[in-house]
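Per-entry structural report
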Amino acid sequence: MGLQRSEEELAGKSRKAQLIQVSKNYRSVIRACMEDMHQAAISTRDPALQGQYSTQVSILSAMELIWNLCEILFVEAATAGALLLRLLDWVRLHVCDVDSMVREVLSSESPSKHKLFWNVVDVFVLQGRMDEARHLLSKEASANPTSMNMYKILDDLMKKMPVPSLGNTQTLTELELKWQHWHEECQRYLQDGTFASNPHMESICKILLGDEDAILEKKELMTTWYHFLVTRLLYSHPTVKPMELRFYAQSSMDLFLGGENSPEPLDMILMAAFEFEMHQVIKECSIVLSNWWFVAHLTDLLDHCKLLQSHNLYFGSNMREFLLLEYASGLFSHHSLWQLGVDYFDHCPEFGRVYLELHIERIPLSTEQKALKVLRICEQRQMHEQVRSICKIMAMKALRNNRLGSALSWSIRAKDAAFATLISDRFLKDYCERGCFSDLDLIDNLGPSMLLSDRLTFLGKYREFHRLYGEKRFPEAARLLLTLMTAHIAPCSFWMTLLTDALPLLEQKEVIFSAEQTYELMRCLEDLTAGNPDKQKFQDDDIETTKVEMLRLALARNLARVIVKEGTVEGS
């Protein structure tokens, strides 16, 4: 993600250095995973698991090998001279089958007497590790004084061998001239038979001359055709140019495999890289590797290097975006990695938003915490439809579990007036059955949200009436109760409850309702009894009939008290 954010910050050499560092960071991740898998393979006792871990190590090793080569050829775009040095480092890093042999020889009491001594010397020479090869040969010279003269000549040749240097100011022409003189000197010593009495030293001299047959005799020590390629270039064409690699690579693979073995998929990927066929590298990796991580990130890096700009796919998206979309889609199928997929979609300008909308709707909202995570992602990206959808789903879940407070909260967040009305009715129904409200904190703090629907407004205001009554603020409570009746926001089924709530206020020692307010309450009571469609049933219900009679009596008594009070005030 850092690569995406810093795209326009740097230019020129600074930008190139940054891209190389990003590439190295990717390789570090691959190597760390490889080491973890290797440790897991060592520590497990289950043969099946051990096999799985070993397979993963092989895959990760191949991924790092390919990535490193792409870094040298495409990202760094090493030029003649520096190119050979980078390829030598590449071979030394990835061809480590001989490391155990080197350790075995060097740890022995007398390395020069060890049966693998000359194999180790040859390995150092084949990988261009001249200082280490000379150090080992000095042990041979000390053990065999008769070979001292040959050793000194060979050591001098190895010491004087011209190689490209990153910090050196010499031109390629100067390097080629020096290398030609050195090559002629090696040829002279070989033709003079200087090393004829020692086949091992003679073989090394032939390798220094770039003799392909002599190098191929060490085939088992090199193990791969690309090791052979780099050794061959080191001793026959150290100033090789990038575009010449394809010819050397193809002939090296043919010579090394010799028609006995057909190339493996990895060989074809590396060959495509040496031929600078980036799209073929990506295509082959997509087929061979087990997931989209490698190709998605490599393609993204190459795209930032401005190497894939001209390649658009037939359905409208470029290759970078296509592979990132595929990789991110795979992440969304994982129970925890889906959050990473969001970032990848964010950096796909053409289809990222559409893919994110489709995938976000398929995430199972198993917990409220997960739903809140998804909701936050949608809100940050102004995905209003998805926000409403998530809130509705969570509101329905909460309602099915009879968690009315949570259901109301989600419906308010979804701005769903119809659902908020439904839940408000459930709150009121529960109040009628139990005589108290649940989730008081939520209802007390509805604020402007209560305006979402009339029923929710009524719920909030009715709760406020109870709060005022509890605080003995009777006049304010009476005004609010009457407003709820006369404003017609209370459901008709709840009118009797409201009128019943007026009874304690009507029976207070102090007169609370004015004459006008009392008349309003009487009118509401008559509207309720006269306009009820179940009038007969209403009359047959003894409890309801008793309530009506009590209300009429209380209203009449309150009206009489008000008239007396108001008359007394006027008389005075």
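Residues numbered from 1 in each chain as written. Predicted model: local features only at pLDDT ≥ 70, side-chain atom pairs only at ≥ 80, totals over all residues. Heavy atoms only, no water.

As recorded by an unreviewed UniProt entry, the protein carries the name Nuclear pore complex protein Nup85 and is attributed to Cyanistes caeruleus. Quoted verbatim from the Subcellular location (unreviewed entry) field of UniProt, the annotation for the protein is "Nucleus, Nuclear pore complex". (UniProt positions renumbered as here; feature names shortened; annotations may be inferred.)

A word on the overall build of the protein. Assigned secondary structure in the protein consists of 31 helices and zero strands. Rg of the C-alpha trace for the protein: 43 Å, well past the compact-globule value of 25 Å for 572 residues, more than 25% over. When the accessible area of the protein is evaluated, it comes to approximately 29,300 Å², of which 52% is carbon and sulfur surface. (Helix = DSSP H or I, 4+ residues; strand = E, 2+ residues; numbered from the N terminus. Rg over C-alpha atoms; globule rule 2.2 N^0.38 Å. Areas by Shrake-Rupley, 256 points an atom, 1.4 Å probe, with all protein chains shown as cover.)

Another point: the packing of aromatic side chains. For any pair of aromatic rings, the description rests on two quantities: the centre-to-centre distance and the angle between the ring planes. The full count for this structure, using the stated rule, is 22 aromatic pairs. Judged by centre distance (5.5 Å) and plane angle (35°), the ring pair of Phe332 and Phe345 falls under tilted. Taken together, the positions of Phe332 in the loop between helix H18 (319-331) and helix H19 (338-346) and Phe345 in helix H19 put the pair 13 residues apart, joining distant regions of the chain. Assigned by exposure class, Phe332 and Phe345 land together as buried. Relative to Phe474, the ring of Tyr469 lies with its centre 5.4 Å away and its plane at 55°, an arrangement referred to as tilted. Since its relative accessible area comes to 29%, Tyr469 is described here as partly exposed. The class of Phe474 is buried, set by a relative accessible area of 15%. The ring of Phe256 has Lys219 lying over it, and the distance from NZ or CZ to the ring centre is 5.2 Å. (Phe/Tyr/Trp six-rings, centres within 6.5 Å; stacked < 30°, edge-to-face > 60°. Buried < 20%, exposed > 50% of the residue type's maximum accessible area, 1.4 Å probe, protein only. Lys NZ or Arg CZ within 6 Å of the ring centre and 35° of its normal.)

Take the side chain of His183 next. Tracing the backbone through its elements, the reader meets His183 in helix H9 (residues 172-191). On the basis of relative accessible area, His183 is assigned to the buried category, the value being 16%. Side-chain polar atoms of His183 contact the backbone oxygen of Leu209, separated by 3.1 Å. Those residues in contact with His183, other than ones at most four positions away along the chain, are Leu209 and Tyr235. (Polar contact = N/O pair within 3.5 Å; in protein donor to acceptor, adjacent residues only side chain to side chain. Contact = heavy atoms within 4.5 Å.)

This part takes up helix H24 (residues 417-434). Spanning 18 residues, H24 covers 25 Å between terminal C-alpha atoms, matching the ideal 26 Å at 1.5 Å per step. Those residues of H24 lying buried are Phe419, Ala420, Ile423, Ser424, Phe427, Leu428, Asp430 and Tyr431. At the N-terminal end of H24, a side-chain oxygen is found 3.3 Å from the backbone nitrogen of Ala418, two or three residues along, and the residue is Asp416. The positive-phi residue at the C-terminal boundary of H24 is Gly435, with phi of around 80°. (Expected span 1.5 Å × (residues − 1).)

So, about the pattern of salt bridges. Applying the stated criterion across every chain yields a total of 27 salt bridges. The shortest N-O distance in the salt bridge between Arg129 and Glu132 comes to 3.1 Å. Overall, the relative accessible area of 18% leaves Arg129 in the buried class. Residue Glu132 is classed as partly exposed on the basis of its relative accessible area, which comes to 35%. The partner of Arg353 in a salt bridge is Glu357, with the nearest N and O atoms 3.0 Å apart. (Salt bridge = Lys/Arg side-chain N within 4 Å of Asp/Glu carboxyl O.)

Our next topic: the nonpolar core. With 181 residues, the main nonpolar core has Trp90, Leu208, Trp225, Phe274, Phe294 and Tyr462 as its most contacted residues. Here this core takes 12 residues from helix H3 (residues 47-75), the largest share from any one element. (Core = buried A, V, L, I, M, F, W, Y, C linked by side-chain atoms within 4.5 Å.)

On to the packing of helix H23 (residues 404-413) against H24. One way to put it is that H23 packs onto H24 with a least axis distance of 9 Å and a crossing angle of 155°. For the element pair H23 / H24, the angle class is roughly antiparallel. Judged by the sense of rotation from one axis to the other, the crossing of H23 with H24 is left-handed. Together, Leu404, Gly405, Ala407, Leu408 and Ser411 of H23 and Phe419, Ala420, Ile423, Ser424, Arg426, Phe427 and Asp430 of H24 make up the contact between the two elements. Within the contact of H23 with H24, the residues separate by chemical class into seven nonpolar, three polar and two charged. (Axes fitted to C-alpha atoms, helices over the stretch in contact; angles between N-to-C directions. Parallel < 35°, antiparallel > 145°, perpendicular 65-115°, else oblique. Left-handed = near helix turned anticlockwise from the far one by under 90°. Nonpolar A, V, L, I, M, F, W, Y, C, P; charged D, E, K, R; others polar.)

This model, assessed by the stated rule, comprises zero disulfides. Between Cys70, a cysteine without a disulfide, and Cys285, which holds the nearest cysteine sulfur, the sulfur-to-sulfur distance is 6.9 Å. With no disulfide of its own, Cys305 lies 11 Å from the sulfur of Cys70, the closest cysteine sulfur. A residue is classified by how much of its surface remains accessible, and Cys305, at 17% relative accessible area, is buried. (Disulfide = S-S within 2.5 Å.)

The next subject is the packing of helix H13 (residues 225-236) against helix H15 (residues 265-274). Two packed helices can be described by the angle between their axes and the distance between those axes. One way to put it is that H13 packs onto H15 with a least axis distance of 11 Å and a crossing angle of 30°. Taken together, the axis directions place H13 and H15 in an arrangement best described as roughly parallel. When H13 is examined against H15, the residues Trp225, Tyr226 and Leu229 are found in contact with a partner set consisting of Asp267, Leu270, Met271 and Phe274. Looking at side-chain class alone, the contact of H13 with H15 contains six nonpolar, no polar and one charged residues.

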